[in-house]
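Analysis of the macromolecular model
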Amino acid sequence: MSEHPLLKRKGEVALLLGNEAIARATLESDICVATAYPGTPSTEILEALSEVAEYCGLYVEWSVNEKTAFEVAYGAAIAGLRSLTSMKHVGLNVASDILMSSAYSGVEAGMVVVSADDPSMHSSQNEQDNRWYGFLAHLPVIEPSNAREAYVLTKKAYELSEKYKIPVILRTTTRVSHTRMPVLLEQDVNLNRQCRGVFKQNFERWVLVPGNARRRKLELMKTWRSIVESEGVEPFIKVLNPGSKKAIVASGVAYSYVKEALELLGMFDKVTVVKVNMPVPLPVKPLKEVLELVDEVLVVEELDPIVEMQVKSIAQSAGFKGVIRGKDLVPASYELSLEPVYKAVAEFVGAPSKTPWESAGAPKMETPIPSRPPVLCAGCPHRNTFYVLKVAANKAGLRNPIYTGDIGCYTLGYQKPFEMQHTCFEMGGSVGVANGLAKSVDNPVIAIIGDSTFFHAGIPPAINAVYNNSNIVIVVLDNMTTAMTGHQPHPGVGVSATGKRTARVLPEKILEAIGYKVHVINTLRVKEAIEEAFRAFEEYKRGERVAIVSRMRCALEVLRDARRQKITLPIYSVLEEKCTGCLACINLTGCPAIILEHGSKKPRIMPEVCAGCGLCASICPYKAIVISNTPTQGYERLWWEV
Ligand SMILES: Cc1ncc(C[n+]2csc(CCOP(=O)(O)OP(=O)(O)O)c2C)c(N)n1
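Residues numbered from 1 in each chain as written. Predicted model: local features only at pLDDT ≥ 70, side-chain atom pairs only at ≥ 80, totals over all residues. Heavy atoms only, no water.

To continue, consider the domain arrangement of the protein. Under the domain assignment, the protein is made up of domain 1 (5–230), domain 2 (237–349), domain 3 (381–552) and domain 4 (568–639). Placing a centre on the C-alpha atoms of domain 1 and another on those of domain 3 gives a separation of 33 Å. Taken together, the 17 residues of domain 1 in the interface contact 17 residues of domain 3. The contact between domain 1 and domain 3 buries some 1,200 Å² in all, and 58% of this surface belongs to carbon and sulfur atoms. The tally of links from domain 1 across to domain 3 stands at one salt bridge. Of the charged contacts, one joins K500 and E54 as a salt bridge, the two residues approaching to 3.0 Å between their closest N and O atoms. Contributions of two or more residues to the side of domain 1 that touches domain 3 are made by helix 2 (44–56) and strand 3 (59–62). (Domains from an automatic or database assignment. Contact = heavy atoms within 4.5 Å. Buried area = accessible area lost by both parts, 1.4 Å probe. Salt bridge = Lys/Arg side-chain N within 4 Å of Asp/Glu carboxyl O. Helix = DSSP H or I, 4+ residues; strand = E, 2+ residues; numbered from the N terminus.)

Now the structure itself:
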């Protein structure tokens with residue numbers, strides 16, 4: 001275990017992702033509790049910590065959602081133990097209730113909240129600049145410009161948190177979270193950490209009834225002012241080359257682009273650069289000093305003009321007469337890259353804005369590369385479920401059903417051939433929005449939600465539907481993992497973050513307890529599953545309250561386990577002599593393992609892609625798809641046993 005890259009010795013250099021650098025820094029900071037709910041680009045922080053947690057005496061968990069993750073870490077921090085909670089930007093929306101209160105009551109030991117923002121929405125339903133949360137909650141936001149800085153600043157964030165006794169937000173963006181850099185390790189990881197805390201009763205502090213909250217608010221504002229006044233120092237802000245007439249203020253990853261642009265322009269030591277690592281609250285004093293010397297300022301930051309607004313406000317009160325530019329030159333949407341920053345910087349310093357490299361358009365190819373939109377994997381259980389539901393709903397005569405959708409791999413069901421995700425907004429939204437649609441339209445309303453998403457945010461709206469009598473069917477897609485974010489376990493798997501067996505919570509038990517009649521279907525057995533789903537829809541038509549739990553493991557996990565356990569899964573192939581070329585296997589499944597080769601009228605199944613789920617074989621009207629190898633007896637258990 002001591003060989004693990006996260007446990008290298010002081011003085012060694014480790015090649016770390018930004019997220020791993022944060023993880024290493026939390027270990028050096030002697031944290032005792034780390035919690036998270038997975039979400040790109042934050043996931044690798046807890047993944048890295050879970051690999052070494054037991055060896056280091058650290059408690060880690062995948063919590064059921066971000067609010068709970070925050071609360072668990074906060075519980076440790078008020079008991080005097082350092083803690084970490086990490087999430088993607090939208091996760092902080094879910095945790096925002098406790099975030100706000102935690103600022104009032106504060107912490108007894110350092111607590112860092114990582115908000116990994118995803119500009120450009122590489123893997124998200126929106127982009128948001130979570131530095132706003134710093135203003136909203138009156139908590140400082142630290143923003144590193146690269147992976148190495150993420151390491152240094154995480155440690156500083158713990159010190160800051162303890163100095164002011166409040167949680168500190170560490171905001172990263174994708175290029176910091178997911179870039180690998182050599183990091184010189186400054187300290188060893190303590191393997192003998194003491195992780196028993198003490199909760200000291202203090203009603204005035206920990207019980208936010210209005211009278212107490214009012215007092216705490218004033219305390220918080222005092223803390224906020226003192227951060228603004230006292231933290232205008234390195235590493236939170238640094239002024240390079242003071243004395244120039246022009247200054248560029250750059251926050252977080254934007255600094256890396258500004259530095260490179262200025263170097264390419266041969267101007268790095270000719271312009272004043274204010275490197276901001278604490279964009280919220282922006283320290284006033286160093287900014288005022290810079291504004292006294294310059295005529296023009298350019299603010300470069302990723303997404304919203306948060307630093308720009310503060311610079312303008314400081315300039316206003318300092319009577320600055322010059323020009324302040326920012327989002328008029330630098331894009332406010334999508335992540336930054338060198339090109340737009342180079343152009344903005346060049347214009348600002350009066351250099352030609354043509355980049356010294358060819359503009360990064362799509363490379364010209366003789367044969368254009370076809371676009372490859374994401375598809376459900378071969379063998380994905382969601383494909384089987386969509387097919388089963390579609391056939392069963394038709395059979396039951398459900399007319400124009402609305403399938404409200406949710407976030408996960410199954411969102412891809414919005415595509416052909418299924419087109420069965422008619423909405424997708426946020427986690428749990430499938431069931432919540434279904435409640436509203438059921439009150440508003442005459443169509444049958446079927447809410448489709450993944451298992452991890454069900455535990456995260458699907459249960460309260462499921463209760464709402466019962467309490468408020470919303471006529472919906474809930475379908476939980478139980479692939480026994482959080483597939484979309486890289487197969488993290490969740491309460492329905494019965495395995496902990498460190499791989500230990502733990503209690504398993506079954507969605508059907510919860511739904512039954514709430515008042516649903518639950519049909520558990522096994523979609524590997526397509527025909528039986530259709531019959532069971534049909535019965536559920538018939539009951540729904542009669543006004544009964546029904547739910548379906550569709551259980552079949554994620555194909556990627558099945559393939560991995562088959563490889564490890566040396567189990568041969570079936571491989572299907574098309575019998576030329578029986579195949580009529582009707583293409584039902586392609587048109588009804590959209591399975592990427594089945595192809596129609598150039599010039600051929602009959603499909604072929606690629607054996608190296610086929611996962612052996614057998615959906616195509618069960619659909620083929622001519623029985624022309626058969627198993628072409630000798631699978632291990634009892635292989636089916638891999639599809640429903642972890
Ligand atoms: C509030 C919030 N947290 C985290 C995410 C990241 N995320 C997207 S889908 C998903 C869960 C998907 O798991 P599951 O519901 O089991 O569906 P699967 O991908 O396994 O089909 C997560 C965690 C998010 N989009 N929103």
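Here we take up the sheet that holds strand 16 (residues 472–478). Pairing within the open sheet is parallel, and its five strands lie in the order 14-15-16-18-17. Unpaired on one side and paired on the other, strand 14 (402–404) and strand 17 (517–521) mark the two borders of the sheet. Neighbour to neighbour, the strand axes of the sheet diverge by 20° on average, direction disregarded. Its contacts with the sheet put helix 17 (residues 451–467) on strand 15 (445–450) and strand 16, and the angle it makes with strand 15 is roughly 150°. Those strands touched by helix 18 (residues 507–514) are strand 16, strand 17 and strand 18 (546–551), and its axis lies near 175° from that of strand 18. (Pairing = 2+ DSSP bridges. Axes fitted to C-alpha atoms, helices over the stretch in contact; angles between N-to-C directions.)

A word on the state of the cysteines. On inspection of all chains with the given rule, the structure shows one disulfide. Between the sulfur atoms of C32 and its disulfide mate C195 the distance is 2.1 Å. Measuring the twist about the S-S bond at about -85°, one finds the C32-C195 disulfide to be left-handed. Here C195 lies in the loop between strand 8 (180–184) and helix 9 (203–206) and C32 lies in the loop between helix 1 (18–28) and strand 2 (33–36), a separation of 163 residues in the sequence. For the pair C32 and C195, one class covers both residues: buried. (Disulfide = S-S within 2.5 Å. Buried < 20%, exposed > 50% of the residue type's maximum accessible area, 1.4 Å probe, protein only.)

Counted according to the given criterion, the structure contains four cavities of 30 Å³ or more. Of the volumes computed, that of the largest cavity is approximately 90 Å³. Contributing to the lining of the largest cavity are 16 residues, with C591, C610, C613, G614 and C616 lying nearest its centre. Here the residues of the lining of the largest cavity are counted per class, giving 11 nonpolar, four polar and one charged. The calculated volume of the second largest cavity comes to roughly 80 Å³. For the second largest cavity, the lining is made up of 14 residues, of which C579, C582, C585, P603 and C620 are closest to its centre. (1 Å grid on protein atoms, 1.4 Å probe; cavity = no way out; pocket = protein on both sides within 12 Å on 5 of 7 lines; lining within 4 Å. Points joined across faces, edges and corners; volume = space filled by probe spheres on them. Nonpolar A, V, L, I, M, F, W, Y, C, P; charged D, E, K, R; others polar.)

For the rest of this paragraph, the subject is the site of the ligand. Surveying the vicinity of the ligand reveals 26 residues, the closest of which are E66, H382, D451, T453 and A483. Interatomic distance of 2.5 Å between a side-chain N/O atom of E66 and a nitrogen atom of the ligand. Between an oxygen atom of the ligand and a main-chain N or O atom of C409, the distance comes to 2.9 Å. For the ligand, whose free accessible area comes to 590 Å², the fraction covered by protein is 98%. Judged by the proximity of its atoms to the pocket grid, the ligand belongs to the largest pocket. (Near = heavy atom within 4 Å. Polar contact = N/O pair within 3.5 Å; in protein donor to acceptor, adjacent residues only side chain to side chain. Areas by Shrake-Rupley, 256 points an atom, 1.4 Å probe, with all protein chains shown as cover. Sits in = over half its atoms within 2 Å of the grid points.)

Glancing now at helix 14 (residues 338–349). Every α-helix carries 3.6 residues per turn, so stepping three or four residues along brings you back to the same face. Helix length check: helix 14 (12 residues) gives 16 Å between terminal C-alpha atoms against 16 Å at 1.5 Å per residue, within 8%. Of all 12 residues making up helix 14, nine are buried, and the element is well covered by its neighbours. Restricting attention to buried positions, one finds in helix 14 the residues L338, E339, V341, Y342, A344, V345, A346, F348 and V349. Looking at the buried residues of helix 14, the elements they touch are strand 10 (246–251), helix 11 (253–264) and strand 12 (296–300). Backbone geometry just downstream of helix 14 places G350 in the positive-phi region, at approximately 80°. (Expected span 1.5 Å × (residues − 1).)

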